[in-house]
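Working through the structure, step by step
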Amino acid sequence: MGGLPYWLLKQHPDIRLNTSSPAFKRHMDNWMRKELLPRIRPMMYESNGPIIILTVNVIFLKEYLKKELGPHTVVYISYSPMSSLVKGKIPRLYETDDCFVGRNPGWTQRLTKPQCPFIYSVYGGWCDNWGEPHHTVSTKAVVERLEHYLPMNVSVNMLMFHGGTSFGLTSGSSLRDKFRANPTSYDYDAPLSEAGDFTDKYLAIRDVMSKYLPVAKGPILRATKKGVYGVINMTAIENVWKVAARLPTVRNRFPLTFEGLDISAGLVIYSSSIPRRILGTARLNLPSVCDRGYVFMGGRSAGIVSRDQGLTTDLAVRMAPGDTITVVVESQGRISTGFHMDDFKGITSNATLNGHILEGWNMTAIPLTDTSILPDAPLSSLHHPPVTPGTPSGGLTFYIGVFIVPDEDPHPLNTFLRLDGWSKGVAWVNRFCLGRYWPEVGPQVTLYVPWSILKRGQNELLLLELERAPCSSSLPCTATLQDKHVLDGPTPT
């Protein structure tokens, strides 16, 4: 999820006011000792788990870590390059440093603390963001960096070595000069691909390391066969408004955050009645929508406010007597690096209409990670006329389709979901959430579908399209399962 833990934000909504205060530290200690560390301890190496070394962000650095995780736990603290080298040293914890390919602060670390075993984080790429070009680092640059450090007996951590997947809604975001949401894949030109295949970069790293360390003999496994399961016809089965009608609604004088509504990720529908004294054209101001809001006035689309795309928070709206303002807010991922990790979601400050604060809000949380709330259409419904979409463009609507995995292979194959023509939303296969899609802005065009969630015979694809579906009276909505992953598609910038 990234950022400060949802549990902590939910229990202590004032936590953003002073993250260095004693109250904040007490809350953090309580969360770590009761929630986080008990989950990690069974996975540590000395408990026969897979975690050998734990790298800790400075905000989570506590003296009791080894006591809670086991006396032989190896803990490293990672600071930004150079900055930690002039600060006080942490007793009984190893220090490490980060390195983007091309930087070289390692010699300073060696001079200031030569007795310390040194793990150097080498970035083979950096986080992708929706709407920005795919990040890559050349194999030559990574190899040169390793050739520089390995002869000095410097241990190296590669980020990312395996380009994995933020399944569900776990992809994060960052906030520096502006808010940026990360795509579902974190295969940033990784040596081991998202589907677990070796790349040329992997082979080059292996060749370099074999000069300094013993490397297992034997053949290199070839890339696994990928499935081509073809075109899937998609049918609208339910809109978001009907799903929301089955869920509880909370009423409050002012809008509550996602955390205040006990929802970690997904959607929240906010609605408020227009004051009778304001009719005709007015200015609706939504100064803090985290992260993307679809605005409706009396059921008519009035625009989009967007934290990452910089879409205006001030909208001209036209109202009729009895109209209601509705804002459907999507969380696009919690801030996971740098400052501002106290990242509350939803409408996080008062909305105004012609300068008047809107009061009396109804709020319905739609936790998309809870599969029990998803529409469950019988397969027979696929042959019936589609339902009315949530918007005229087909947005805010669930679509379903089926595809067949044949029996020829020993088991189903990894495959990739391509959604040409679709705009933005969330995808599930057999009720397993693959994550967010947004091919309209790129760079990620396809979603990885692991073979382990598939079954021989009939499988189900479910989409929640938030904005526009590629359907018309003459063209059906379709999706495709193909054998090629596309992570470097076109972007606006």
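Residues numbered from 1 in each chain as written. Predicted model: local features only at pLDDT ≥ 70, side-chain atom pairs only at ≥ 80, totals over all residues. Heavy atoms only, no water.

1. Some details on the overall build of the protein chain
Broken down by element type, the protein chain carries seven helices and 27 strands. A burial count over the protein chain gives 51% of its 493 residues as buried. Taking the contacts inside the protein chain whose residues are at least 6 apart along the sequence as the reference set, 74% of them involve residues at least 24 apart. With an accessible surface of roughly 23300 Å², the protein chain has 56% of that area assigned to carbon and sulfur atoms. (Helix = DSSP H or I, 4+ residues; strand = E, 2+ residues; numbered from the N terminus. Buried < 20%, exposed > 50% of the residue type's maximum accessible area, 1.4 Å probe, protein only. Contact = heavy atoms within 4.5 Å. Areas by Shrake-Rupley, 256 points an atom, 1.4 Å probe, with all protein chains shown as cover.)

2. Some thoughts on the sheet that holds strand S20 (residues 361–366)
Ordered by their spatial adjacency, six strands build an open sheet running S9-S20-S10-S16-S13-S14, and the pairing between neighbours is antiparallel. Edge positions in the open sheet fall to strand S9 (250–252) and strand S14 (300–306), since each of these has one partner strand only. Averaged over neighbouring strand pairs, the angle between their axes works out to 20° when direction is ignored. Relative to S20, S9 is paired through three bridges, and the arrangement is antiparallel. If you follow Asn252 over to S20, its bridge partner there is Trp361. (Pairing = 2+ DSSP bridges. Axes fitted to C-alpha atoms, helices over the stretch in contact; angles between N-to-C directions.)

3. Observations concerning helix H5 (residues 139–149)
Looking at H5, one finds that the buried residues are Val142, Val143, Arg145, Leu146 and Tyr149. Each buried residue of H5 lies within a common arc of 160° when the element is viewed along its axis, so the set occupies one face. (Arc of directions from axis to C-beta.)

4. A word on the pairing of strand S27 (residues 477–482)
As paired strands, strand S8 (residues 230–239) and S27 are joined by five bridges and run antiparallel to one another. Counted as the bridge partner of Val231 is Thr480 from S27. In this structure, strand S22 (residues 415–418) lies alongside S27, joined through three bridges in antiparallel fashion. Looking at the pairing, Leu417 lines up with Leu481 of S27.

5. Comments concerning the side chain of Asp308
For Asp308, the position within the fold is in the loop between S14 and strand S15 (314–319). The buried charged residue Asp308 lacks any salt bridge, with Arg292 as its nearest oppositely charged partner at 4.0 Å. Within the local environment of Asp308, its side chain forms a polar contact with the side chain of Ser306, the two groups lying 2.7 Å apart. Excluding residues that lie within four positions of it along the chain, Asp308 makes contacts with Lys178, Phe179, Ala181, Arg292, Gln332 and Trp438. (Lys, Arg positive; Asp, Glu negative; His and termini not counted. Salt bridge = Lys/Arg side-chain N within 4 Å of Asp/Glu carboxyl O. Polar contact = N/O pair within 3.5 Å; in protein donor to acceptor, adjacent residues only side chain to side chain.)

6. Thoughts on the state of the cysteines
According to the stated counting rule, one finds one disulfide in the structure shown. Each disulfide pairs two cysteine sulfurs, and for Cys471 the partner residue is Cys477, the sulfurs being separated by 1.3 Å. Given an S-S torsion of about -50°, the disulfide between Cys471 and Cys477 has left-handed geometry. The class of Cys477 is buried, set by a relative accessible area of 2%. (Disulfide = S-S within 2.5 Å.)

Interpretation note: all reported values are geometric properties and have no functional meaning in isolation.
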